[in-house]
Amino acid sequence: MSVIVLVDGEPLAVTIAHGADGLVGRVGDVEYRGTIRRDGETWRIELGERVLLATVVRAADAVWIAADGEIYRCVLAAEERAAAGTARVATPRVTAPMPGKVLEVVVAPGQRVAAGDPLVVLEAMKMETVASAESAGVVTRVHVSVGAMVEPGQLLVELDPS
Amino acid sequence: MPSVTAVLIANRGEIAVRIIRSCRALGVRAVAVYSEADADAPHVRLADAAVAIGPAPARASYLDVAALIAAARASGADAVHPGYGFLSENAAFARAVADAGLTFIGPPPAAIAAMGDKVAARTMMERAGVPVVPASGVLPPDAGAFASAAAVTGYPVVIKAAAGGGGKGMRIVREATALPDAIRAAAREATAAFADGRIYLERYLERPRHVEVQVFGDTHGRLVHLGERECSIQRRHQKIVEETPSPAVTPELRAAMTEAAVRAARAVDYVGAGTVEFLLDQHGRFYFLEMNTRLQVEHPVTEWTTGVDLVREQILVARGAPLSFATVTPRGHALECRLYAEDPARQFLPATGIVHVLVEPAGAGVRFDGGIARGSVVGVEYDPMLAKISTWGATREEARTRMLAALRETVLLGVVTNRDYLRAVLAHPAFVAGATHTEFLAAHFADWRPGPGAERARVAIAAALALTSRAVGDSESDGARRAAASPFATLGGWRSGGTAA
């Protein structure tokens, strides 16, 4: 198995093979031999000289690992690319930067906007965030209305850059 | 004397939990309220009774005065504790509670209202002899008028919009020659932002510290202070690290500040727990900022050093009892860190998710005040503060190193938090030296990013296995595995998705 794991955003190439008495893991150029055993959320990671007793849980697309006083959030690079890809298609699509509630829809279809113009105002907890146009264009579709709850990455507004 | 035998807690999260604990220790029934989003929350589980008050949005639940009073009546509560935030500084709520024949555990409504109007409060404090930041009042937009005013307040000054807020229309001026341009710009910005071009001037405080004094009054006319807290470490004007005593406050300054704080509270006939906030400049001069007419988030540090349970004292005072102490003699040093669901590396964007794992710190001199548990959903409806960690030490350094250990021990998986940011702040040489001010985070942590974890390679291997296996986190397969003889399942020959590993 060969995958790219983003550990707190840092891409690490990981290869795992089944060895004679455990696994052989390779991260970049470094090889680690040993075993990983689990009892529910508790994982005993014995690779090389170190033994880590880690807590491992899976939440949606991410795996969270607490080990040696640190907390790591890990995702597969493929999934991160897929998620990023939805926000980078031909027509400029403005997506929610954070989860929250739509406080105000500033624009309407047909309206011309300049780069930096506010499009949608979001609120999460006590904080307001403005989703604005990255480039100039004409609003073709508005996908949310005031009061709607949005997820990060959710499509808010589509622009025609012409 | 008002009877307080059952307290309705008009709040949620860690402060509701914290108030329930003091109620229980006093033998007082604790009644929780909850919105639809909080039906399984820790404060609901811990209370003696709980009443549903409405849907998730706060204005339809925790801010609904009629629903709260109906809940108090239905549950047989004879008193209401507002906590902090929500309706805690709402004079109309305090009045509505009293009108319903219930005891409001807090100051008289008139004191809340007097301190709630910030402009009127400033005038009142001036009259009471409490120092306020020297300011001019609204001036005509000409350099002569501003120059005369600045000569009185002293430079540097800041020109502000009378209708202002949020930094709009603000200009810092360090000498008279810069006044004309600054006046024009400030007036123009004020007109654009607020449709009101009126501007005024006040002395600009460079890198001040936020130092506040805890006060407590009873219904017998006694009003005392419980020392100061420094809360300079702020992001977006919200405190994240607090401590007592302040590293900057000398015994002489403490005497002057606490005396001024008691005078401020006396000016509004204060009863109960309150906090008088000051800005302290680099020359040891302090200025009244505002008074918070409620319990503060950071009250545990005062509890650590004084030994007073402030919530217990609030309940006793609400019953009409005299204060249980005449003066306090603070001992040692205490620190508090606020654990927020937010990403400090991404402009503190609020984070959401499910708390899959929660390990609370413990040990000598460590206190954890939390409002979450395993399985809690951290949503977008409420304040992103999840918990507070406080530590005590004989010295500041002992409290600080204890806090670093406690933060390391705190594990929350499933939601991004500011834990590692707090660790970095506590470890910073300027913090260690006590060189704190309200611009501390902007000055030292503007570009902060979490450092790479030392074990990231081994973690990456484990993560690769976890991410490519459908079984991880699947309780059914965990159950099946538990039935097997070995306590640990070996993952050496891991297979993922039917493909040989």
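About the thresholds
Residues numbered from 1 in each chain as written. Chains lettered and ligands numbered in written order. Predicted model: local features only at pLDDT ≥ 70, side-chain atom pairs only at ≥ 80, totals over all residues. Heavy atoms only, no water. Contact = heavy atoms within 4.5 Å. Buried area = accessible area lost by both parts, 1.4 Å probe. Salt bridge = Lys/Arg side-chain N within 4 Å of Asp/Glu carboxyl O. Helix = DSSP H or I, 4+ residues; strand = E, 2+ residues; numbered from the N terminus. Buried < 20%, exposed > 50% of the residue type's maximum accessible area, 1.4 Å probe, protein only. Pairing = 2+ DSSP bridges. Axes fitted to C-alpha atoms, helices over the stretch in contact; angles between N-to-C directions. pLDDT = per-residue confidence, 0-100. Expected span 1.5 Å × (residues − 1). Domains from an automatic or database assignment. Phe/Tyr/Trp six-rings, centres within 6.5 Å; stacked < 30°, edge-to-face > 60°. Parallel < 35°, antiparallel > 145°, perpendicular 65-115°, else oblique. Nonpolar A, V, L, I, M, F, W, Y, C, P; charged D, E, K, R; others polar.

## Some words on the interface of chain A and chain B
Consideration 1: Every contact between the two is made by 60 residues of chain A and, on the other side, 62 residues of chain B.
Consideration 2: Between chain A and chain B lies a buried interface of about 5,300 Å² when both sides are counted; carbon and sulfur atoms form 69% of it.
Consideration 3: Between the two partners, chain A and chain B, sit five salt bridges.
Consideration 4: For the salt bridge of arginine 423 of chain B with glutamate 70 of chain A, the shortest nitrogen-to-oxygen distance reads 3.5 Å.

## Focus on the pattern of salt bridges
Once their charged atoms are close, side chains differing in charge can pair, the charge on each being opposite to the other.
Consideration 1: Counting across every chain of the model gives 42 salt bridges over all chains.
Consideration 2: Residue glutamate 41 of chain A pairs with arginine 374 of chain B through a salt bridge whose shortest N-O separation is 2.9 Å. Here arginine 374 of chain B lies in the loop between strand 19 (366-370) and strand 20 (377-378) and glutamate 41 of chain A lies in the loop between strand 4 (30-39) and strand 5 (42-47), a pairing that spans two chains.
Consideration 3: For glutamate 41 of chain A, a relative accessible area of 27% gives the class partly exposed.
Consideration 4: A salt bridge links lysine 239 of chain B to glutamate 212 of chain B; the shortest N-O distance between them is 3.0 Å.

## Looking at the sheet that holds strand 8 (residues 199-203) of chain B
Residue and element names in this part refer to chain B.
Consideration 1: Read across the open sheet, the three strands follow the order 7-6-8; overall the sheet is antiparallel. Edge strands, defined here as strands with exactly one partner in the open sheet, are strand 7 (171-173) and strand 8. Going from strand to strand, the sheet's axes swing by 30° on average, the running direction of each strand aside.
Consideration 2: Bridging between strand 6 (residues 157-161) and strand 8 involves five bridges; their strand directions are antiparallel. Of the residues in strand 8, the one forming a bridge with valine 158 is glutamate 202.
Consideration 3: Each of strand 6 and strand 8 touches helix 7 (residues 143-153); the most contacted strand, strand 8, lies at about 25° to it.

## Considering the confidence of the model for chain A
Residue and element names in this part refer to chain A.
Consideration 1: Of the residues in chain A, 90% reach a pLDDT of 70 or more, and the chain-wide mean stands at 84.
Consideration 2: The spread of mean pLDDT over the elements of chain A runs between helix 1 (residues 77-86), the lowest at 54, and strand 7 (residues 62-67), the highest at 97.
Consideration 3: Contacts for the low-pLDDT stretch residues 81-90, under 50 throughout, to residues beyond four places or in other chains number three contacts.

## Remarks on helix 16 (residues 456-468) of chain B
Consideration 1: For helix 16 of chain B, with 13 residues, the first-to-last C-alpha span of 18 Å sits near the 18 Å given by 1.5 Å per residue.
Consideration 2: Among all positions in helix 16 of chain B, only Ala457, Arg458, Val459, Ala460, Ile461, Ala462, Ala463, Ala464, Leu465, Ala466, Leu467 and Thr468 of chain B are buried.

## Concerning the side chain of arginine 400 of chain B
Residues and elements named next belong to chain B.
Consideration 1: Summarising the element assignment, arginine 400 is placed in helix 12 (residues 396-409).
Consideration 2: Judged by relative accessible area, which is 8%, arginine 400 ranks as buried.
Consideration 3: When sequence neighbours within four positions are dropped, the list of residues in contact with arginine 400 reads Leu335, Leu426, Ala427, Phe431 and Val432.

## Re the domain arrangement of chain A
Consideration 1: The assigned domain composition of chain A is domain 1 (2-81) and domain 2 (89-160).
Consideration 2: The C-alpha-based centres of domain 1 of chain A and domain 2 of chain A are spaced at 37 Å.

## Digging into the packing of aromatic side chains
The geometry of two aromatic rings is summed up by the distance between their centres and the angle between their planes.
All names here are of chain B.
Consideration 1: Scanning all chains against the criterion turns up eight aromatic pairs over all chains.
Consideration 2: Ring centres 5.1 Å apart and planes at 80° place the aromatic pair tyrosine 421 and tryptophan 448 in the edge-to-face group. One end of the pair, tyrosine 421, is in helix 13 (residues 419-427); the other, tryptophan 448, is in the loop between helix 15 (440-444) and helix 16, with 27 residues separating them in the sequence.
Consideration 3: Three or more aromatic residues link up through ring pairs in this structure, and these residues are Phe348, Tyr421, Phe440, Phe445 and Trp448.

## Details of the packing of helix 7 of chain B against helix 8 (residues 179-194) of chain B
Residue and element names in this part refer to chain B.
Consideration 1: Relative to each other, helix 7 and helix 8 sit at 110°, their axes nearing to 9 Å. As judged from the angle between their axes, helix 7 and helix 8 are roughly perpendicular. Note on element contacts: helix 8 touches helix 7 through Leu179, Pro180 and Ile183, opposite Ala143, Phe146 and Ala147.
Consideration 2: Of the residues belonging to the contact of helix 7 with helix 8, the class tally is six nonpolar, no polar and no charged.

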